[in-house]
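Results of the structural survey
Okay, here's what each chain looks like letter by letter:
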Amino acid sequence: MNCREVKYYLDDFAEGRLIDEMRNEIENHLDSCLKCQGEYIDLNLILSEVKSSPKTIDPSKDLLERINERISGRSGKRKRFAKIFSLLSHESDSSGFDSDEIRKKNSEKNKARLIFIGGTAATILLGVLLGILYFHQSSVGFIPVESLSGTPRIGSEQLKNQSVLQIGEWLQTNENSSARLIVGMIGEVDVHPKSRVKLIKTTSSEYRLSLNQGKIEASIWATPRIFYIETPSATAIDLGGIYTLEVNKDGSGQIKVTSGWVALESTGIESLIPADAVCTTKKHFAPGTPYFEDAPAELIQALEEFDFTPKAFGESFSKNIQSQALNVILKQARKKDALSLWHILSRVDGESRAKTYFKLTELVMTPKSVTFEGIMNGDSSMLEEWWELLGYGSSAVWNN
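Cut-offs used in this document
- Residues numbered from 1 in each chain as written.
- Predicted model: local features only at pLDDT ≥ 70, side-chain atom pairs only at ≥ 80, totals over all residues.
- Heavy atoms only, no water.
- Helix = DSSP H or I, 4+ residues; strand = E, 2+ residues; numbered from the N terminus.
- Contact = heavy atoms within 4.5 Å.
- Areas by Shrake-Rupley, 256 points an atom, 1.4 Å probe, with all protein chains shown as cover.
- Expected span 1.5 Å × (residues − 1).
- Axes fitted to C-alpha atoms, helices over the stretch in contact; angles between N-to-C directions.
- Parallel < 35°, antiparallel > 145°, perpendicular 65-115°, else oblique.
- Left-handed = near helix turned anticlockwise from the far one by under 90°.
- Nonpolar A, V, L, I, M, F, W, Y, C, P; charged D, E, K, R; others polar.
- Buried < 20%, exposed > 50% of the residue type's maximum accessible area, 1.4 Å probe, protein only.
- pLDDT = per-residue confidence, 0-100.
- Polar contact = N/O pair within 3.5 Å; in protein donor to acceptor, adjacent residues only side chain to side chain.
- Salt bridge = Lys/Arg side-chain N within 4 Å of Asp/Glu carboxyl O.
- Pairing = 2+ DSSP bridges.

Of regular secondary structure, the protein possesses 14 helices and 15 strands. Long-range contacts, defined as pairs at least 24 residues apart, comprise 50% of the intrachain contacts of the protein with a sequence gap of at least 6. Approximately 20,500 Å² of the protein is accessible, and the part contributed by carbon and sulfur atoms is 52%.

A separate point is helix α10 (residues 315–332). Taking 1.5 Å as the rise per residue, α10 with 18 residues should run 26 Å; its terminal C-alpha atoms sit 26 Å apart, in good agreement. For α10, the elements touching its buried residues are α9 (297–308), α11 (338–345) and α12 (350–363).

What follows covers the packing of α11 against α12. Interhelical geometry of α11 versus α12 gives an angle of 150° and a closest axis separation of 9 Å. By the angle between their directions, the pair α11 and α12 is classed as roughly antiparallel. In the packing of α11 onto α12, the handedness of the crossing is left-handed. Contacts between α11 and α12 pair A338, L341, W342, I344 and L345 from the former with R353, T356, Y357, K359, L360 and L363 from the latter. Residue composition of the contact of α11 with α12, grouped by class: eight nonpolar, one polar and two charged.

As a further point, take unusual backbone geometry. Its identity as a non-glycine residue notwithstanding, K194 has a phi of 60°, on the positive side. Relative to the elements of secondary structure, K194 occurs in the loop between β7 (187–191) and β8 (196–202). Phi is positive for H284, which is not a glycine, with a value near 75°. Since its relative accessible area comes to 76%, H284 is described here as exposed.

Looking now at the packing of α9 against α10. Two elements in contact, α9 and α10, have axes separated by 8 Å at closest approach and are oriented at 155°. With respect to α10, the axis of α9 lies roughly antiparallel. The hand of the α9/α10 crossing is left-handed. On α10, the residues that touch E298, L299, A302, L303, E305 and F306 of α9 are I321, Q322, A325, L326, V328, I329 and Q332.

Mean pLDDT for the protein: 80, with 74% of residues reaching 70 or above. Note that pLDDT drops below 50 for residues 126–139; the model gives that stretch 17 contacts with residues more than four away or on any other chain.

Relative to the elements of secondary structure, Q37 occurs in helix α3 (residues 34–52). At a separation of 2.3 Å, a polar atom in the side chain of Q37 contacts the main-chain carbonyl oxygen of L30. Of the polar contacts made by the side chain of Q37, one reaches the backbone oxygen of D31; its length is 3.4 Å.

Across all of its chains, the model carries 12 salt bridges by this definition. Two residues, E188 and R180, come together in a salt bridge whose shortest N-O distance is 3.8 Å. Taking the relative accessible area as the measure of exposure, E188 reaches 28% and is therefore partly exposed. Taking the shortest distance from any N to any O, the salt bridge between D337 and R334 comes out at 2.8 Å.

This part covers the pairing of strand β13 (residues 269–274). Two strands pair when backbone bridges link them, and strand β12 (residues 253–266) and β13 are joined in this way by six bridges, in the antiparallel orientation. Across the sheet, the residue bridging to E265 is E270, located in β13. The loop that links β12 with its antiparallel partner β13 comprises two residues; one of these, T267, has a positive phi angle of about 50°.

Shown next as structure tokens:
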């Protein structure tokens, strides 16, 4: 890791939120970098000040005296942190850092800080808040990336080992290279050969990538709707899962979910894909109807026609093709294919919706509160309740 990457993770390192592998890399870097050692000790002092500060300040007569006593004790704290940090070193020779040297290098900065915050309680709190803001803002704007094979590129630069992908930059792999993106503390994304990925946004509440072409494999363990991947034909919305997403040259794509859940959204329509299911996307169309990988071939082909029949030959012709495809789907559907029929219910109307409803009632139980009239009228609460009864997951998948 370089200094910028260490700085990105420094607050997580200080509070013990990193996996062992990343923690070891940071420790190795801190062993040999005096600048980052100083940053780490300063951060620990700030965090210590925050944790030990009272939630309310009683403006007693001796307030300033007590504050100054705490400030004057900071040099002792710095010595203790330096001693503790030295124990992290895996070697006992002169390669370890010298806390006196660190204090000497930072003495001017420390004197300025002590003068600044030594006056009143308000300035102490301001200094603490600015310190925390500084460290947290430094973690916004990029994510770490490492080469897995070959020589991927970030923009025009080759990625030989590790670096960071900044907002607006493209990571590109050729036929002989691959890479891994570390998405904060919520997961990893492996970028397969012949792929192009762009970082769009990274905050504590949202990570957003763009997959222009190629294939990625994501393993995300965050709460739903924090991680997104935009493609030319749809947006993948992570609901907590492991999955592969592939985008072809024409912008079409396909997602396969191994574990958990993913949603695909386009043109205001959303598909929910559970483990062992697949969903196809095409430009200018809503996301396809999800189906399980072991679905009958005739059903999969019929779903292709149902979802993506072009309207170039007129709406009447398109509806006729969709109607014929729906008849095949209903004929081939097994009990587990209720997943597909449930999605179709909200995408058809009239006679097609009625036929789909009755087929679904043949295959699975119907909640007592779900009625034919309600489904025909497009009652979304009934659809959600039916989904729950099908056992496909909790209400966390819904975008409330």
